[in-house]
Amino acid sequence: MVNVLILSTLLACGDTDPETLVDELRLVASVAEPPEVGPGEPFDFSMYISNPDETDIEAVTWVCTNLGDGCLEASGDSMAVSTTTLSASQANWSETLSTATALMGILPETGPLSATAVWTLVCETGVCPLFDEAASAQSGEPWSEDLAGKLENPLDWMSELPTKGVTLAYRLLTVTTETDRRANPTLVLDEVSEIELEKSKNFSLSFVVDGDFGDEARLYNYISAGGFAMTDTFVEAGECVTIEGVAPDESGPVTLWIVLNDGLGGTAVWTKTVEVN
């Protein structure tokens, strides 16, 4: 039986959390499928962006397991770096990546490690010099010393890039040799929910969430105009969660992103662009 958790409040006009509004170029969410992989095993990495200015963009995605001496993936023995160009209308994409095979010799001593970061840098076309440098690392050859230094800790050079038209994010991936591995959670729009947005009016959405959840499992919600009442909600497996928001004051297309983090490294994303009447 599905439990029902209703987070229902009477929202006054404009009574929304500004953190739920995404009105700039931003990587909103990413999903690794599966969320736990073996050393060198390929996985699919899906990314979801907000691109309100509808500009062409370039993206670099890379895997870095840094245990103190730089990225293990810098040896070039894995599919650890990918570059792509996206048109103004493309809101999500996927890459196939893999972790360093060197982890095979480390995991028997450490057990499963959640020390592998999957980074994504998204920039308006021509803004980020790293794009061209990273493209040369896709052949399976060792990374250059300069590129390895940049990919090891991108926070060291992010301040050199413009504040507008650039977004950087990462998520941690669990690498294990165990055969019993967690799967991503599930996030399904409840069949009774109707997505109808009217200018300046309150709306609600209900989702059924399920899977193997930790204590920090949460549902996050974002919108490209208007707003939601709260940025996030703690959830438990099997619940039907209702979230509320306010539609923007103007008509036109609006994108919603609902992101479920299970608190154990797994993620699910629901997104849809709807028309505000």
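Everything below is about the structure shown above.
Notes on the structure follow. All values reported here derive from a predicted model rather than from experimental measurement.

## Here's the deal with the overall build of the chain
What the chain contains, in helices and strands, is three helices and 17 strands. For 277 residues, the compact-globule estimate of 2.2 N^0.38 gives 19 Å, and the chain sits close to it at 20 Å. A buried classification covers 47% of the 277 residues belonging to the chain. Considering only contacts in the chain between residues 6 or more positions apart, those separated by 24 or more positions represent 73%. For the chain, the exposed surface amounts to about 13300 Å²; the carbon and sulfur share of it is 47%. Each charge sign in the chain was given a centre, from 10 positive and 46 negative side chains, and these centres are 5 Å apart.

## A closer look at the nonpolar core
One finds Phe-43, Trp-62, Val-81, Leu-121 and Trp-143 to be the most contacted residues of the largest nonpolar core, which totals 44 residues. Looking at this core element by element, the count peaks at seven residues for strand β8 (residues 113–124). By size, the runner-up hydrophobic cluster in this structure holds 23 residues, among which are Phe-207, Ala-247, Leu-260 and Val-274.

## Some points on the sheet that holds strand β3 (residues 36–37)
The five strands lie next to each other as β3-β9-β8-β5-β6, forming an open sheet whose pairing is mixed. Both edges of this open sheet fall to β3 and β6 (81–86), since each of them pairs with a single strand only. Both strand β5 (residues 57–65) and β8 contribute to a ladder of nine bridges, which runs antiparallel. Paired with Glu-58 across the strands is Cys-123, a residue of β8.

## Points about the sheet that holds strand β2 (residues 26–33)
Sheet architecture is open: three strands sit in the order β2-β4-β7, paired in antiparallel fashion. Edge positions in the sheet fall to β2 and β7 (92–98), since each has one partner strand and no second. Each adjacent strand pair in this sheet contributes to an overall mean axis angle of 25°, direction not counted.

## Concerning the pattern of salt bridges
Counted by the stated rule, this structure contains nine salt bridges. Residue Arg-181 is joined to Glu-41 by a salt bridge in which the shortest nitrogen-to-oxygen separation is 2.9 Å. One end of the pair, Arg-181, is in the loop between β9 (166–175) and β10 (186–189); the other, Glu-41, is in the loop between β3 and β4 (42–50), and 140 residues separate them in sequence. Its relative accessible area of 28% is what places Arg-181 among the partly exposed residues. With relative accessibility at 32%, the residue Glu-41 sits in the partly exposed group.

## Section: the state of the cysteines
The full count for this structure, using the stated rule, is two disulfides. The residue that forms a disulfide with Cys-64 is Cys-71, at a sulfur-sulfur distance of 2.1 Å. Judged by the sign of its S-S torsion, about -90°, the cystine formed by Cys-64 and Cys-71 is left-handed. By the burial criterion, Cys-64 is buried, and Cys-71 matches it. Here Cys-123 engages in a disulfide with Cys-128; their sulfurs sit 1.8 Å apart. Here the disulfide of Cys-123 and Cys-128 is left-handed, its torsion about the S-S bond being about -85°.

## Here we look at the packing of aromatic side chains
Summed over all chains, the structure comprises five aromatic pairs. Consider the rings of Phe-43 and Phe-45, whose centres lie 6.5 Å apart with planes at 90°: the pair is edge-to-face. Each member of the pair Phe-43 and Phe-45 is classed as buried. Each residue in the set Trp-62, Trp-119 and Tyr-170 is aromatic and connected to the rest through ring pairs, giving one cluster.

## Here we look at the environment of Asp-132
Relative to the elements of secondary structure, Asp-132 occurs in helix α2 (residues 130–135). The exposure class assigned to Asp-132 is exposed, which follows from its relative accessible area of 60%. On a C-alpha basis, the gap between Asp-132 and Thr-83 in space is 8.6 Å, while along the polypeptide they are 49 residues apart.

About the thresholds
Residues numbered from 1 in each chain as written. Predicted model: local features only at pLDDT ≥ 70, side-chain atom pairs only at ≥ 80, totals over all residues. Heavy atoms only, no water. Helix = DSSP H or I, 4+ residues; strand = E, 2+ residues; numbered from the N terminus. Rg over C-alpha atoms; globule rule 2.2 N^0.38 Å. Buried < 20%, exposed > 50% of the residue type's maximum accessible area, 1.4 Å probe, protein only. Contact = heavy atoms within 4.5 Å. Areas by Shrake-Rupley, 256 points an atom, 1.4 Å probe, with all protein chains shown as cover. Lys, Arg positive; Asp, Glu negative; His and termini not counted. Charge placed at Lys NZ, Arg CZ, Asp CG, Glu CD. Core = buried A, V, L, I, M, F, W, Y, C linked by side-chain atoms within 4.5 Å. Pairing = 2+ DSSP bridges. Axes fitted to C-alpha atoms, helices over the stretch in contact; angles between N-to-C directions. Salt bridge = Lys/Arg side-chain N within 4 Å of Asp/Glu carboxyl O. Disulfide = S-S within 2.5 Å. Phe/Tyr/Trp six-rings, centres within 6.5 Å; stacked < 30°, edge-to-face > 60°.

Interpretation in functional terms is not warranted from these geometric data alone.
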